[in-house]
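Residues per chain are reported as follows:
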Amino acid sequence: MRINKKTRRAGSKPAVSRLRASRRPAEDRFGALLRLSSEFYWETDAEHRLRELLLGGAHGSTLPRERFLGSAPGWHGETMEARLPFRGLEFTREHGGEARYYSVSGEPVFGASGAFRGYRGVGREITAQKRTEQALARLTHYESLTGLPNRALLTDRLQHAIARADRAGSLLGVMILDLDNFKEINEALGQAIGDRVLTEAARRLQSCLRGIDTLARLGDDEFAVLLEGVPDFEEISQVAQRLLAAVAERADVAGHELYLSASIGLAVYPVDDQEAEALLRSANLAMHHAKREGRNNFQRFSHDMAARTERHAELKLRLRRALERREFRLHYQPLVSLSTGRILGAEALLRWNDGDRTVAPAEFVPIAEETGLIVPIGLWALREACRQCRAWLDLGHASMQVSVNLSPRQFRQKDIVREIDAILGETGLPAACLELEITETTIMHSTAHTIGALHELTALGVRVSVDDFGTGYSSLAYLHRFPVHKLKIDQSFVRDIGADRADTALVGTMVALARQLKLTSVAEGVETDKQLAYLLEIGCETGQGYLFSPPLGAEALTPLLGTAASAAARPGAAPAGRARLRSLGPGRG
């Protein structure tokens, strides 16, 4: 049967119309979904030029459609050249001055004949996700206060640095740096000031390093430095010196004038250790050794440090038992009027007899400070000194005074004034016979509490002196604020009188400053006639040192409280008188 062509053609139009009509609801539905979507849809031609980019209605306008059309898209790469499907390919574009992140997936399109026609796919913006990931990465690898790498990132970098040092045949320096006395600053001035000190310290340390070096913060006041590509130990030492000098510069923080110092321990790869963690442990051990060597210095790791660390730990244990075992003693060193030679008083100095061995104060006092044992030990020393001075008064030495050192940690105790008042009442010592020595550093890091305590003590009648004056960089403005009575010039300056012109001049300046402030000047560590003559010449009033007497037990000092010191102290005194004083008591200690 023949089919009328016109009938066939006419019959096809309704069929096509019905097909198109049936597709419109689907297009409408997908169009609605597109308007709700946060994704975008894309197509390229065979030359990988973007020919279509449809943005979902919820996508926003951060992807510039017009700029992309007709050119290779930002995600074009080797995968598309190979005509392979891909998923989750990420790319970055700048928009409004900031980076925006996107993820795309696509598949190749082939015609009926198998000819490659291009790509099509979907994409979405992942900026918020990437920034969350970056924030988490920073939390994982950087510490929040200074923004420096943390221990985890430092260890990772150290492991890679070791591999590079092996290939280059160079040395690698690892340093652990700890700020000295930071805990005292933090406790005295508060955490907010402490945080600012840490960020300032981090800035100063970073300024001393190269771009290839790493500065990390390990926690609290402890930092680490990784030096790569160094040719010799001398260069590592020079960097350590620069770091110490940078930390030591004056810091003005929220109206507080602060002077910091640091202790540094260093280890060198591959000489000292070969593993990352071992290098960090060795540098840390050396840092603690630097602390014990007086702070504000650097020490290189040596294998005998382990034995010294073990000794340190043993001393901690024995020190805890020393007080209950009554192993502490007090020795007294006379304070002498330089003009008359009369003994005005004595400074109480702590001694520890650990079995058959006398432990030097320089060895055990830092441990006592570190552990907090200095508080009960200090109270024992204060009570014992007051009791002994009361005994001297009872023997008829009516003008006798006793000086007792208060550690920074003791002085920060909230009930320190009440404790001192109670001891005076318990021992019957008049307040005017007690002098408390506080270090210049304690004065500098004072708070409202410590200033208030000083005024309360002065109101009781207790006298206050600034110990080790000249070592803490204090200013005239600081001294004006405090009710102090004496300046004790540190023995490091007195020792160099006549030998070092700068120190000799400094002593004269300090005596003049004390006179201007109407304070008594005391020279510590007087050992020679030449020193004594100069001190008399510049008008220094009081002296203390081996020229007059070493520290003595109370029994040995009591006979000297008459006139014996007078002959020894005066210039031109009989040699026999001076020899008599020097023969009393044990050797220096």
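Going by the structure above, here's the rest.
Here the structure is a predicted model, which means the values were calculated and not measured.

Observations concerning the overall build of the protein
Of regular secondary structure, the protein possesses 23 helices and 21 strands. In the protein, which comprises 589 residues, the proportion classed as buried is 47%. Long-range pairs, those at least 24 residues apart, make up 63% of the contacts in the protein between residues at least 6 apart in sequence. Looking at the protein as shown, the accessible area adds up to about 29,300 Å², and 51% of this sits on carbon and sulfur atoms.

Some thoughts on the pairing of strand β4 (residues 98-110)
In this sheet, β4 lies alongside strand β3 (residues 86-95) in antiparallel orientation, the contact comprising eight bridges. Paired with F86 across the strands is G106, a residue of β4. A loop of two residues connects β3 with β4, the two strands running antiparallel in sequence, and G96 in this loop sits at a positive phi of about 65°. As paired elements, β4 and strand β5 (residues 116-125) share nine bridges and run antiparallel to each other.

Brief notes about a nonpolar patch on the surface
On the surface, Y41, L54 and V122 cluster together into a nonpolar patch covering about 210 Å² of accessible area. Locating Y41 in the fold gives a position in strand β1 (residues 39-44).

Some points on the side chain of E228
Among the structural elements, E228 can be located in strand β8 (residues 222-230). Among the polar contacts listed, one links the side chain of E228 to the side chain of R164, at a separation of 2.9 Å. Residues within four places of E228 in sequence aside, it is in contact with A161, R164, L171, L172, R210, I212 and D213.

So, the packing of helix α6 (residues 182-189) against helix α7 (residues 191-207)
Their axes nearest at 6 Å, the elements α6 and α7 cross at an angle of 140°. Comparing the axis directions of α6 and α7 gives the class oblique. Residues F182, I185, N186 and L189 of α6 form the contact with α7, whose own contacting residues are Q191, I193, G194, V197 and L198. Among the residues forming the contact of α6 with α7, the class breakdown is six nonpolar, three polar and no charged.

Re the nonpolar core
Of all hydrophobic cores here, the largest spans 83 residues; its most connected members are Y332 and L434. The element contributing the most residues to this core is helix α12 (residues 374-394), with 11 residues. Excluding residues that lie within four positions of it along the chain, L434 makes contacts with L382, C386, V402, V404, I420, L424, L429, V462 and R463. F182, L243, L244 and A251 belong to the second-largest nonpolar core, a separate cluster that totals 38 residues.

The rules behind the values
Residues numbered from 1 in each chain as written. Predicted model: local features only at pLDDT ≥ 70, side-chain atom pairs only at ≥ 80, totals over all residues. Heavy atoms only, no water. Helix = DSSP H or I, 4+ residues; strand = E, 2+ residues; numbered from the N terminus. Buried < 20%, exposed > 50% of the residue type's maximum accessible area, 1.4 Å probe, protein only. Contact = heavy atoms within 4.5 Å. Areas by Shrake-Rupley, 256 points an atom, 1.4 Å probe, with all protein chains shown as cover. Pairing = 2+ DSSP bridges. Patch = residues over 30% accessible without salt bridge, like charges linked within 9 Å, V, L, I, M, F, W, Y side chains within 5 Å. Salt bridge = Lys/Arg side-chain N within 4 Å of Asp/Glu carboxyl O. Polar contact = N/O pair within 3.5 Å; in protein donor to acceptor, adjacent residues only side chain to side chain. Axes fitted to C-alpha atoms, helices over the stretch in contact; angles between N-to-C directions. Parallel < 35°, antiparallel > 145°, perpendicular 65-115°, else oblique. Nonpolar A, V, L, I, M, F, W, Y, C, P; charged D, E, K, R; others polar. Core = buried A, V, L, I, M, F, W, Y, C linked by side-chain atoms within 4.5 Å.

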